[in-house]
Every structure is written in C-alpha cells, then in structure tokens.
Amino acid sequence: MKTLQARFTRSQLRLMFSGWKTSVDVKGSFDTCSPDMLKAVGQALFSSGLQNPKFTAEEKKGEDYEIRTYHATKWVSTSLSGMQLDAAMNTGFRRLFRYIQGNNQNKVKVEMTAPVTCRVDPGAGPACESHFTVSFYIPEEHQASPPEPSDPEVFVENRKEFTAYIRTYGGFSNENMKREELLKLLESLQRDGVPYVDKPFYTVGYDSPFKLTNRRNEVWVLKKEDKQ
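Caption draft 1: View of the nonpolar core. Counting 33 residues, the largest nonpolar core has Phe136, Tyr165, Leu189 and Val221 as the members making the most contacts within it. Listing elements by their share of this core, those giving two or more residues are strand E3 (73–82), helix H4 (85–100), strand E4 (116–121), strand E5 (130–137), strand E7 (162–169), helix H6 (175–192), strand E8 (196–205) and strand E9 (217–223). Excluding anything up to four places from it in sequence, Val221 contacts Ala164, Tyr165, Leu182, Leu185, Leu186, Leu189, Tyr196, Val197 and Phe201. Ala114, Ile166, Tyr206 and Leu222 belong to the second largest nonpolar core, which has 10 residues in total.

Written out as structure tokens, the structure reads:
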C-alpha cells in the first residue's frame, strides 16, 4: 500500500483550531456549573463501574494508537454551531445533564456513563463556524427504549457501528494538547499508510474535573471503509 499523502499540514490544522479558545475536555464543561450539578457529576464520575460503550479491539500497525470497532448503540446528543469549542461543550453538556436528571418524557433519571464525546465538523476556514455534537452513551438498561427527550434540542442518536483510530493521553486537556494529540495521531496514520477520514473527528473525555491523577483523554479519527 502506498503511503497516503497528508490530508492536513500542521499549519492547516492550526488554522482549523484558531477560533477555539479552550479545549473540549470534560473539565471545560463544568466551569460555570451549579454546586448541585458539580456534586452530582463528581460523584458519578468518581464512582467505579461506569458503563462504557462496547467495542472490539482491532490489530494495529503502530504502537502509539489503538483501533477500536464500536458496536451499534444509542446515544443522547445535542448539536451546536459556533466558533468556540468550550462554549459549545458547556451548553451541550448542560442540556444532556438535564436529560439524565429527568428532563425527559418519562421523567426518569438515567445513570451517568463514560465517555463524553464531541464530534467536530470543522468549518471551511478559520473565520467559519464549526459544528459540534456532544453525546452521552445511553446505559444498557435504556438502550432498547431510551426516554424521549423533552428538550427539542436534544435527540436520541442511533450510532451505527464504526471503526476509529484512537490516541489516548493524560492530564487536564487544553486546546494546545488537543490539537497536538490530533496532529500526532494523523502523523502516525500517515506514517503507517492507513486509510482514514479527514473529518469529522472526535474529542473524548472520561473524567470529572475533580480527578487529579490518572486522567484519560482521547482523540478519535474514523477509519475510511473500503467501498463495496
């Protein structure tokens, strides 16, 4: 297989991120949360045994990323457009948190899960708005029939099976880290000559802002599937 040409240069990717002032990790979503919300989310994300979406690990060429095939599942999601990733995450997280706290047609509370994902569809240029979709995985007990959202801006997403290249890193993520980790992942994929989708990509967080060590963040780039 011939080595793939770079989709984005470092300068192009820096332009892509130039309108974003902060990162899309979970920490940024809590900056202006109420004490009750902080307490509830902190308890949820500190507890052991949080449900995660199931996946199958695939064989990979490089040692600096993983390949996972996520099974078809349902997520609760909300979409926003804007220039600032932190503002989109703040608004999106609040909408979804209200949903799991009972702002749904059944008025039932839904357990917190991990991770929180954000699909990023970059704008056409540095002065253009990007499109963000923030999502919580719906726990197994609600997968067959998720509570219908009451907020018209929240929807249940039927996420089809997909395969992603994934780079994991620690610490309190910020915009520079997010950008650099994405660049490292793209460079690894280009090095190994594997087919990937230019956009969208995903930024992913697993931890509450109260967790100080062993933090887990990821960036996901989708695998380009062979045409049948």
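Caption draft 2: Up close: the sheet that holds strand E2 (residues 66–70). Reading across from one edge, E1-E2-E7-E9-E8-E4-E5-E3-E6 is the order of the 9 strands in this open sheet, with antiparallel pairing throughout. This sheet does not close on itself; its edge strands, each paired only once, are strand E1 (55–57) and strand E6 (154–159). Between one strand axis and the next, the sheet turns by 35° as a mean value, whatever way the strands run. Along the sheet, H4 makes contact with E3, E4, E5 and E6, crossing E5 at roughly 30°.

Caption draft 3: Seen up close, the pattern of salt bridges. In this structure the tally under the stated criterion is 13 salt bridges. Across the pair Glu157 and Arg159 runs a salt bridge, and its minimum N-O distance is 3.4 Å. Since its relative accessible area comes to 19%, Glu157 is described here as buried. Notably, a salt bridge pairs Asp207 with Lys211, separated by 3.4 Å at the nearest N-O pair.

Caption draft 4: Molecular detail of H4. Taking 1.5 Å as the rise per residue, H4 with 16 residues should run 22 Å; its terminal C-alpha atoms sit 22 Å apart, in good agreement. Within H4, 12 of the 16 residues are buried, which leaves the element mostly enclosed by the surrounding structure.

Caption draft 5: Inspection of unusual backbone geometry at higher detail. A cis amide bond links Ala114 with the next residue in sequence, Pro115, at an omega value of 0°. For Pro115, the location among the structural elements is in the loop between H4 and E4. Here the amide bond leading from Lys199 into Pro200 is cis, since omega sits at 10°, within 30 degrees of zero. Turning to its location among the elements, Pro200 is positioned in strand E8. If you check the backbone angles, Lys107 has positive phi at about 55° while not being a glycine. With respect to the secondary-structure elements, Lys107 resides in the loop between H4 and E4. A positive phi angle, close to 50°, is found at Asn214, a residue other than glycine. Within the element layout of this structure, Asn214 appears in the loop between E8 and E9.

Caption draft 6: Highlighting the environment of Pro139. Following the sequence through the fold, Pro139 ends up in the loop between E5 and helix H5 (140–143). Take Pro139: its relative accessible area is 1%, and that puts it in the buried class. Distance in space between the C-alpha atoms of Pro139 and Asn52 is 7.9 Å, their sequence separation being 87 residues.

Reading the values: rules and limits
- Residues numbered from 1 in each chain as written.
- Predicted model: local features only at pLDDT ≥ 70, side-chain atom pairs only at ≥ 80, totals over all residues.
- Heavy atoms only, no water.
- Core = buried A, V, L, I, M, F, W, Y, C linked by side-chain atoms within 4.5 Å.
- Buried < 20%, exposed > 50% of the residue type's maximum accessible area, 1.4 Å probe, protein only.
- Helix = DSSP H or I, 4+ residues; strand = E, 2+ residues; numbered from the N terminus.
- Contact = heavy atoms within 4.5 Å.
- Pairing = 2+ DSSP bridges.
- Axes fitted to C-alpha atoms, helices over the stretch in contact; angles between N-to-C directions.
- Salt bridge = Lys/Arg side-chain N within 4 Å of Asp/Glu carboxyl O.
- Expected span 1.5 Å × (residues − 1).

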